[in-house]
Amino acid sequence: MVTQGEEFWIGRIRRSLTEKDAGPVLVLVAGAAGTGKSRLLRRLAGLPEAHGVVTSWRCDRGQLPDVVADAPALLLVDDVHAADEEALARVRDVLEHPDARMAVVVTYRPEELAQPGLPFGAEPLRYPDDLVVLRHRVRPWDAGQVAEAASEALGEGCAPQAVARLHELSGGVAQVVVDLLAVLRDSAGQRCTAADVDAAGVPVRLAELTLHRTHALPGPARRVVWAAAVLGEPASGADLLTVAGLAARTTAAPEDTHAGHQAREGHQGHDSHQGRGGHHGHDRHHGHARHHGHDGEGALTAALERAALLEDAEHRYALPVPLAAAAVLETIPGPVRQELHGRAAALLQRRHPVPWAALARHRRAGGEMRAWLRAVERAAQQFAAEGRHQEAIALLEDTLASPLVAKAARARLAPVLAASAVVALRSDQTVEVLTQIVQDEDLPQAVRGEMRLDLGLLLCNQVGRSTHGWAELERSAAELREERPELAARAMSALAMPYWPGNSLDVHLAWMRDAEQASAASGDEVVRTAVAANRAGLALSYGNPEGWQLLEALPFDSPDPRCRRHVARGLCNAADSSVWLGYYDRTRELLDQGLELSARSGAPYTERTAMGTRLLLEWATGQWEGLSERCEEFVRETADMPVISADARTVLGLLHLARGGWGPAGSWLSGTEAPLAEHAAAPLGATLAGALIRLALAREDLAGAAAQARTAWNAVLTKGVFVWAAELAPWAVEALARDGDAAGAREVVDTFARGLTGLASPAAEAALLWTRAGLAEATDEPALAVPLYQQAATAFAALPRPYARALTAEGAGRCALKAADDDTPDGDDSAAREGGREQALAELAFAAEQFSDLGAAWDAARVRALSRAHQPEKERRRPGRPSYRDQLSPREREVAELAGNGLTNREIATTLHLSPRTVEQHVARAMRKLGTATRQELGVADRP
């Protein structure tokens with residue numbers, strides 16, 4: 001990681017080594033321990049210009065080697081702060097008499113200099129006139145640099161939250177980051193979370209450096225460091241002394257004036273060599289440290305001078321590396337630590353506003369249990385009111401996990417936890433806590449019903465265990481019906497949402513009627529809004545146009561943030577329904593509104609669902625450039641939330657299928673972490689089933705495709721929401737008809753048509769035309785199929801759905817060719833047949849171009865192969881093969897792309913109407929020309 005400042009002076013060093021008239025240069029590199037100075041020197045030693053002319057010296061190890069005179073020389077002096085007087089004199093001598101082509105780089109820790117700001121000691125150094133002197137400061141890594149290091153060490157499995165936590169705890173100190181990543185590489189597995197970073201502990205080098213510096217201090221100064229570790233955040237000098245129990249001094253001794261400057265010079269950490277027994281920087285130049293007495297300010301100054309504390313730009317003080325506080329806390333005697341926490345709690349209690357979460361931590365550590373629980377409750381309520389639900393959840397989960405929390409307190413805190421959990425992201429620990437609470441028979445029924453309501457919502461939404469969640473919601477509605485009708489209404493309206501498999505639309509509609517009655521009787525505006533949002537969502541989900549009016553009637557400008565959260569949820573649910581219905585412009589508007597309101601009202605779960613919907617929208621509307629990468633990033637961010645990540649996983653499967661990556665497609669659509677069609681949200685389940693049926697058809701597994709089609713269509717019949725069959729019906733009809741079940745295919749078409757009666761779904765209406773076309777084609781009526789395919793293509797173009805349009809255009813061209821071949825070539829009929837063939841080839845050419853534009857390599861290759869097979873004789877390639885030499889021929893390029901995507905020779909042969917032997921030869925020639933060792937490398941090597 002070379003910074004812009006480094007590039008400048010490294011370039012100047014190169015000039016000194018290569019240009020006779022450039023003159024000598026000295027670069028002073030300052031940086032706290034662990035920030036990467038030694039690494040920087042190693043990089044300099046590896047410069048091409050440094051070959052054969054570099055001399056490296058660590059100031060605390062041996063004598064400075066002789067430098068060859070009158071020749072290019074790069075002298076790298078490491079850790080000059082550790083040099084004794086003799087070594088400093090030698091360095092000064094070299095710098096006062098440099099050769100013309102000499103470059104010297106000197107590193108030091110500002111916080112450990114014997115004379116603040118003077119790396120070469122108190123004796124003045126007489127710099128020659130021709131010596132260029134530059135200064136460079138090695139700064140802690142910023143968040144981007146930490147993310148880069150994490151990616152290099154852990155690959156793509158490091159969640160953004162983990163990177164942020166890594167940066168926060170390490171303070172950006174390079175060696176601390178590297179040490180933590182070394183632990184995480186072995187402990188975190190394939191995916192690293194913020195919790196994994198917290199569990200990694202304090203690296204040995206950091207702990208030893210911090211404790212050496214702390215233990216070297218006089219008793220009062222040590223207490224100041226202890227106080228900083230207890231507070232765990234930057235604090236004013238007065239607050240530190242208050243927590244330490246030390247009195248402040250009103251005047252400072254003259255020699256104290258350098259302490260603050262020296263402390264601000266560096267951000268302490270540690271260098272890589274310390275783990276091998278190197279200098280820890282706590283005794284050598286402080287053996288003669290000035291004595292500050294036992295007053296508070298003197299103790300603070302001593303801690304700063306000896307680099308145990310750091311002063312920030314706001315003149316607050318803290319440990320140099322936040323993570324080091326844990327190492328310090330372990331060494332404080334228990335009674336003293338409790339005393340310090342007690343003082344910290346008293347200090348925070350007097351602030352306005354009170355920082356309740358920090359206060360709760362100190363009350364607990366100070367042994368004040370009742371005060372701890374009161375502070376926890378206030379902190380959680382504050383977090384929830386501010387929309388910081390994940391923080392509320394983390395605090396309450398940690399609290400409720402303690403065996404010291406009595407049942408009464410658990411019953412009081414659990415509803416606060418549940419209220420945040422249902423609008424936040426997944427937490428299995430919350431599910432476990434609520435599951436234990438609802439099993440407590442001593443709880444009042446209404447309290448248990450409220451907890452069961454939130455448990456059911458968590459199981460259905462965040463965790464993806466819809467069957468279990470549905471049962472909990474049903475029990476909750478029964479427990480709450482008499483005593484808490486407003487909460488019973490929420491349970492009923494949740495049961496009214498049709499997304500989850502296993503219940504019919506009629507059941508959901510019945511629950512909605514019950515919910516509306518209960519909410520009207522409750523008189524609770526928040527509950528009425530929640531039910532109204534679900535009523536609009538229910539109507540839109542099955543294509544009832546009334547849903548749009550219901551959506552517009554929601555209280556968008558409600559002053560109550562709870563109402564706004566329900567409106568945000570209604571908007572995002574409507575966006576999801578809209579994308580399945582085929583109203584794509586409206587989907588964009590709803591997403592913009594829903595995401596803005598979700599962010600403003602503090603609803604992270606709703607935000608994530610909307611982001612998944614946006615990926616589905618991009619798939620449908622052909623915004624495929626970079627879509628795979630966006631989906632993969634979303635999957636990484638939501639890996640532990642299967643309901644939310646299911647959208648991105650499905651889109652990835654669809655993209656791989658279109659590109660010919662049948663293996664990856666199968667993994668995303670039906671692998672161990674894929675959203676299973678029988679358990680996924682119903683519209684997504686139908687889409688998954690349709691894609692898997694298509695994959696089976698491509699592999700000529702007609703029986704398997706037909707079996708999947710029957711299972712999936714039965715799920716549609718059970719649910720009764722036929723607009724969601726748009727992504728399934730065309731493939732189900734083709735699978736059944738090609739497997740010989742024409743009657744079953746016709747029944748699917750007829751049932752699909754009846755199910756759409758009176759509803760509004762442009763996508764489903766276009767898909768119905770497609771299914772009719774597919775049935776006509778499969779039952780040997782190509783002439784009937786052509787106009788149906790063309791009508792479907794026109795309908796998809798209007799949405800727009802470019803991929804579906806291309807597939808139906810391909811169908812029109814394919815059937816037109818077959819119809820032309822079936823006609824008898826005599827007289828006018830022959831001319832008509834030729835015209836039909838030309839129109840068919842035009843349809844195929846359009847489809848191939850559309851597929852190519854989208855990046856659907858498999859589809860494009862299949863259509864081009866069909867076109868070539870039906871080109872008029874005069875337009876086919878004349879005898880003789882053009883020479884492509886070392887370049888791929890068009891056919892080799894097609895084969896290479898499909899092979900690189902994972903298709904077997906037989907699958908490629910089927911796609912391109914070639915023999916497997918011909919494909920094998922094309923693959924061999926492509927690998928030779930591109931210089932690849934494996935088939936998998938073909939796709940990458942052939943990209944421009």
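Residues numbered from 1 in each chain as written. Predicted model: local features only at pLDDT ≥ 70, side-chain atom pairs only at ≥ 80, totals over all residues. Heavy atoms only, no water.

Visitor: Looking at this structure, how should I read helix α30 (residues 642-659)?
Guide: Think of an α-helix as turning once every 3.6 residues; residues three or four places apart then point the same way. Taking 1.5 Å of rise per residue, 18 residues should cover 26 Å, and α30 covers 25 Å from first to last C-alpha, within 8% of that figure. Within α30, 14 of the 18 residues are buried, which leaves the element mostly enclosed by the surrounding structure. Downstream of α30 by a residue or two, Gly660 has a phi angle that is positive, lying close to 95°. (Helix = DSSP H or I, 4+ residues; strand = E, 2+ residues; numbered from the N terminus. Expected span 1.5 Å × (residues − 1). Buried < 20%, exposed > 50% of the residue type's maximum accessible area, 1.4 Å probe, protein only.)

Visitor: It is not clear to me how the packing of helix α21 (residues 466-480) against helix α22 (residues 485-495) should be interpreted in this structure. Could you clarify?
Guide: A pair of packed helices can be characterised by two numbers: the angle between their axes and the separation between those axes. Interaxial distance between α21 and α22 falls to 8 Å at its minimum, and their mutual angle equals 150°. On the basis of their axis angle, the class for α21 and α22 is roughly antiparallel. Crossing of α21 over α22 shows left-handed handedness. Contact residues: Trp470, Leu473, Glu474, Ser476, Ala477 and Leu480 in α21; Pro485, Leu487, Ala488, Ala491, Met492, Ala494 and Leu495 in α22. Partitioned by chemical class, the residues of the contact of α21 with α22 number 11 nonpolar, 1 polar and 1 charged. (Axes fitted to C-alpha atoms, helices over the stretch in contact; angles between N-to-C directions. Parallel < 35°, antiparallel > 145°, perpendicular 65-115°, else oblique. Left-handed = near helix turned anticlockwise from the far one by under 90°. Contact = heavy atoms within 4.5 Å. Nonpolar A, V, L, I, M, F, W, Y, C, P; charged D, E, K, R; others polar.)

Visitor: Is there a simple way to explain the pairing of strand β3 (residues 73-78) in this structure?
Guide: Regular strands place their side chains on alternate faces of the sheet. Along β3, 6 of the 6 residues are buried, which leaves the element largely enclosed by surrounding structure. The two faces of β3 match: Ala73, Leu75 and Val77 on one face and Leu74, Leu76 and Asp78 on the other face are all buried. The sheet contact formed by strand β2 (residues 54-58) and β3 spans 5 bridges and is parallel. The partner of Thr55 across the bridge, within β3, is Leu75. As judged from the 5 bridges shared by β3 and strand β4 (residues 102-108), these two strands associate in the parallel manner. Bridging across to β4, Ala73 finds its partner in Met102. (Pairing = 2+ DSSP bridges.)

Visitor: When you look at unusual backbone geometry in this model, what are you seeing that I'm missing?
Guide: When glycine is set aside, most residues are seen to have a negative phi, and most peptide bonds are trans. Between His352 and the following residue, Pro353, the backbone shows a cis peptide bond with an omega angle of -5°. If you trace the backbone, Pro353 turns up in the loop between α14 (334-349) and α15 (356-365). The omega angle of the peptide bond from Leu799 to Pro800 is 0°, so this bond is cis rather than trans. Secondary-structure assignment places Pro800 in the loop between α37 (782-798) and α38 (802-822). Here the phi dihedral of Glu700 falls at roughly 65°; this positive angle occurs in a residue that is not glycine. At Asp780, a residue that is not glycine, the phi angle is positive and equals roughly 65°. Relative to the elements of secondary structure, Asp780 occurs in the loop between α36 (762-778) and α37. What makes Asp780 exposed here is its relative accessible area of 56%.

Visitor: I would appreciate a short explanation of the packing of aromatic side chains in the present structure.
Guide: How two aromatic rings sit relative to each other is given by the distance of their centres and the angle of their planes. This structure, assessed with the given rule, holds 11 aromatic pairs. Measuring from ring centre to ring centre gives 5.6 Å for Tyr499 and Trp724, while their planes differ by 25°; the resulting arrangement is stacked. Placement of Tyr499 in the loop between α22 and α23 (505-522) and of Trp724 in the loop between α33 (702-719) and α34 (729-738) is noted, with a sequence separation of 225 residues between them. Relative to Tyr583, the ring of Trp548 lies with its centre 5.8 Å away and its plane at 90°, an arrangement referred to as edge-to-face. (Phe/Tyr/Trp six-rings, centres within 6.5 Å; stacked < 30°, edge-to-face > 60°.)

Visitor: What's the story with the pattern of salt bridges in this structure? I'm lost.
Guide: If the charged atoms of two oppositely charged side chains come close together, the side chains can form a pair. If you walk through the whole model with that rule in mind, you get 47 salt bridges. For Arg484, the salt bridge goes to Glu450, with nearest N and O atoms at 3.9 Å. With Arg484 in the loop between α21 and α22 and Glu450 in helix α20 (residues 445-463), this residue pair connects regions lying 34 residues apart in the sequence. Classification of Arg484 by relative accessible area gives partly exposed; the value is 27%. Each of Arg694, Glu777, Glu810, Arg814, Asp859 and Arg862 takes part in one network of salt bridges that share partners. (Salt bridge = Lys/Arg side-chain N within 4 Å of Asp/Glu carboxyl O.)

Visitor: I tried to follow empty space enclosed by the protein on my own but got confused; where do I start?
Guide: Where empty space is left in the structure can be found by rolling a water-sized probe over the atoms. Counting across every chain of the model gives 5 cavities of 30 Å³ or more. Roughly 300 Å³ of volume is contained in the largest cavity. Lining of the largest cavity is provided by 21 residues; of these, Trp619, Leu654, Thr687, Glu727 and Arg801 occupy positions nearest its centre. By residue number, the principal contributor to the lining of the largest cavity is helix α32 (residues 682-698), which donates 4 residues. (1 Å grid on protein atoms, 1.4 Å probe; cavity = no way out; pocket = protein on both sides within 12 Å on 5 of 7 lines; lining within 4 Å. Points joined across faces, edges and corners; volume = space filled by probe spheres on them.)

Visitor: Any chance you could explain the sheet that holds β4 here in plain terms?
Guide: Backbone hydrogen bonds hold the strands of a sheet together, and the pairing may be parallel or antiparallel. Within the open sheet, the 5 strands sit side by side as β2-β3-β4-β1-β5. Their pairing is parallel. The sheet terminates laterally at β2 and β5 (132-137), the two strands that pair on one side only. Going across the sheet, the axis of each strand differs from the next one's by a mean of 15°, ignoring polarity. The pairing of strand β1 (residues 25-30) with β4 spans 6 bridges and is parallel. Bridge assignment links Val27 to a residue of β4, and that residue is Val105. The strands that helix α2 (residues 37-45) touches are β1, β2, β3, β4 and β5; relative to β3, the one it contacts most, it runs at about 165°.

Visitor: Can you help me understand the environment of Val80 in this one?
Guide: Looking at the secondary structure, you find Val80 in the loop between β3 and α3 (85-96). The spacing of Val80 and Arg109 is 29 residues in sequence and 8.1 Å in space, taken between C-alpha atoms. Dropping the residues within four chain positions of it, Val80 is found in contact with Cys59, Leu88, Val106, Thr107, Tyr108, Pro119 and Phe120.

Visitor: Would you take a moment to explain the environment of Leu113 for this structure?
Guide: Position of Leu113 among the secondary structure elements: in the loop between β4 and β5. Residue class for Leu113 comes out buried when judged on its relative accessible area of 3%. Sequence-wise, Leu113 and His81 are 32 residues apart; in three dimensions their C-alpha atoms are separated by 5.2 Å.

Visitor: Just checking my understanding: could you explain the layout of surface pockets for this structure?
Guide: Its boundaries defined by the atoms lining it, the second largest pocket holds a volume of some 1,500 Å³. Along the wall of the second largest pocket there are 39 residues; nearest its centre are Asp198, Gln390, Glu391, Ala394 and Leu395. For the lining of the second largest pocket, the secondary-structure elements that each account for two or more residues are α5 (160-170), α7 (194-199), α15, α16 (369-385) and α17 (389-400). Counting residues per element, the lining of the second largest pocket draws most heavily on α17, which supplies 7 residues. Residues of the lining of the second largest pocket, tallied by class, amount to 17 nonpolar, 7 polar and 15 charged.

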